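Spelled out, the chains give:
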Amino acid sequence: PTRGSSSDLFAVDAREEEAGREFGESFAGAVRHELAKVEAFYEAQEQRLMQDMDTVQQMAKRPVTEDSGHERERLKAVLKELFFRQHQLVDYCSLNFTAFQKILKKFVKLSRAPEKADEVRKEMMRHVKSAHFNTSSQIDPVVDSIKRLYADLFEEGNQRVALTVLKREFAIDARLQQSAKRMVSLSHKKAFIIDMDGVIYHGNRLLNGAVQLVDWLKRENKRFLFLTNSSERSPAELAQKLQRLGIQVSAENFYTSALATANFLASQQPNGSAYVIGEPGLMVALYNVGYTMNDVNPDYVVVGCNTLSLLLDLCSVHLASCVTTFNAVPSRQ
């Protein structure tokens, strides 16, 4: 056939269909492989949990001895651990089922032959839904056994109270694990920007954990910067305040709204002048970038929100207003 004929097009379509079919089979094989891994892990953990539960039940049947108090505390800890593990196993099932659903939906979305891809998805989901990890009911009796045994040993047979206690302990352990995961995540960060008031201190009171945080940042050689929207104090004064509270840091570890304002104005008009309503920290920042104070014809009016400064400068607000108006109106001869 000649180039560009219908035979060529049919050949291309046939090749694409064959490639799509091979890709679908390959993808289905990969899904079955992952499903087998999930099944193997779940069955091993399920079997181990049931064996451990049998061991605990045998421990509970031992006769009372002088060491029974220690044995009871050990039983309590083991039962809490088993309760936690069965919850983790249930979460494992739910997360994996959701993961398979999302992966298969994504496969259909990216496929060039969505109808055939959807057939693959449906077939694979049938395998997932019928998998042991999704259909097994062997965990439920374990939960009932843990609850009943904990109630008999420690809560005078009250299973409702026993379940409440176990759930509370599970929630605490889960939070501790989440906290540990967050710390692992934080350990990989290279730099930190930290708020001050309400995070490091409140007024003149250092907040719990602040010293340990800064010590950790230094020990791990992390870069860190304290950021504040207050223009009242200079970085040197802020460093002195933290030193008084028990945290040793240098002025280079601070960045204030006064510094941000000064750097911005210097970028707009180097070595300009300003009429300032604010505290010394704001004025020092402006002086350090080459600005001068001007209450007659300044380039900018800068207001730092501080109660004391505003009260002291109320009598001059009309001047600031006049200066602003002057700058807004084109100069006339």
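In this text the structure is predicted, and so the values were computed from the model without any measurement.

Visitor: Looking at this model, I keep getting lost on the overall build of the protein. Mind explaining?
Guide: In terms of regular secondary structure, the protein is built from twelve helices and eight strands. Across the 333 residues in the protein, those meeting the buried criterion constitute 32%. For the protein, long-range pairs separated by at least 24 residues make up 67% of all intrachain contacts whose partners lie at least 6 apart in sequence. Carbon and sulfur atoms make up 53% of the accessible area of the protein, which totals about 21,700 Å².

Visitor: What exactly am I supposed to notice about the side chain of Asn294 here?
Guide: Mapped onto the secondary structure, Asn294 falls in the loop between strand 7 (292-293) and strand 8 (300-303). Here Asn297 takes part through its side chain, which lies 3.0 Å from a polar atom of the side chain of Asn294. Not counting the four nearest positions on each side in its chain, Asn294 is found in contact with Ser273, Ala274 and Tyr275.

Visitor: Mind showing me how you'd approach the packing of helix 9 (residues 257-268) against helix 10 (residues 280-288) here?
Guide: Helices that pack against each other are described as a pair by the angle of their axes relative to one another and the distance between those axes. Helix 10 packs onto helix 9 with a crossing angle of 35 degrees between their chain directions and a minimal axis gap of 8 Å. The handedness of the crossing between helix 9 and helix 10 comes out as right-handed. Listed contacts from helix 10 to Ala258, Leu259, Ala262 and Leu265 of helix 9 are Gly281, Leu282, Ala285 and Leu286.

Visitor: What exactly am I supposed to notice about the sheet that holds strand 5 (residues 254-256) here?
Guide: Hydrogen bonds between backbone atoms are what pair the strands of a sheet, whose relative direction is either parallel or antiparallel. Overall, parallel pairing links the three strands, which are arranged 1-4-5 in an open sheet. Looking at which strands have only one partner, the edges of the open sheet turn out to be strand 1 (191-195) and strand 5. For this sheet the average axis-to-axis angle between neighbouring strands, irrespective of direction, equals 25 degrees. As judged from the three bridges shared by strand 4 (residues 223-228) and strand 5, these two strands associate in the parallel manner. Considered in strand 5, the bridge of Leu227 is made with Tyr255. Sheet contacts for helix 9: strand 4 and strand 5; angle to strand 5, the most-contacted strand, approximately 65 degrees.

Visitor: Is there a simple way to explain helix 5 (residues 139-154) in this structure?
Guide: Taking 1.5 Å per residue, 16 residues should reach 22 Å; helix 5 reaches 22 Å between its end C-alpha atoms and fits that length. Within helix 5, the full set of buried residues consists of Ile139, Val142, Val143, Ser145, Ile146, Lys147, Leu149, Tyr150, Ala151 and Phe154. A positive backbone phi angle near 55 degrees is found at Glu156, which sits one or two residues after helix 5.

Visitor: Teacher, can you tell me more about the nonpolar core here?
Guide: Where a protein is soluble and globular, its nonpolar side chains tend to be buried together. Counting 41 residues, the largest nonpolar core has Met53, Leu79, Val128, Phe133, Ile146 and Tyr150 as its most contacted members. Secondary-structure elements contributing two or more residues to this core are helix 1 (6-60), helix 2 (68-110), helix 3 (114-130), helix 5 and helix 6 (159-187). Counting residues per element, this core draws most heavily on helix 2, at twelve residues. Aside from chain neighbours lying at most four places away, what touches Phe133 is Leu35, Val38, Glu39, Tyr42, Cys93, Asn96, Phe97 and Val128.

Visitor: So what exactly am I meant to see when it comes to the confidence of the model for the protein here?
Guide: Should pLDDT be low for a region, the predicted coordinates there are not to be read in detail. Across the protein, the average pLDDT comes to 82, with 80% of residues at 70 or higher. Of the regions scoring below 50 in pLDDT, residues 328-333 engages in zero contacts with residues more than four places distant in sequence or in other chains.

About the cut-offs
- Residues numbered from 1 in each chain as written.
- Predicted model: local features only at pLDDT ≥ 70, side-chain atom pairs only at ≥ 80, totals over all residues.
- Heavy atoms only, no water.
- Helix = DSSP H or I, 4+ residues; strand = E, 2+ residues; numbered from the N terminus.
- Buried < 20%, exposed > 50% of the residue type's maximum accessible area, 1.4 Å probe, protein only.
- Contact = heavy atoms within 4.5 Å.
- Areas by Shrake-Rupley, 256 points an atom, 1.4 Å probe, with all protein chains shown as cover.
- Polar contact = N/O pair within 3.5 Å; in protein donor to acceptor, adjacent residues only side chain to side chain.
- Axes fitted to C-alpha atoms, helices over the stretch in contact; angles between N-to-C directions.
- Left-handed = near helix turned anticlockwise from the far one by under 90°.
- Pairing = 2+ DSSP bridges.
- Expected span 1.5 Å × (residues − 1).
- Core = buried A, V, L, I, M, F, W, Y, C linked by side-chain atoms within 4.5 Å.
- pLDDT = per-residue confidence, 0-100.

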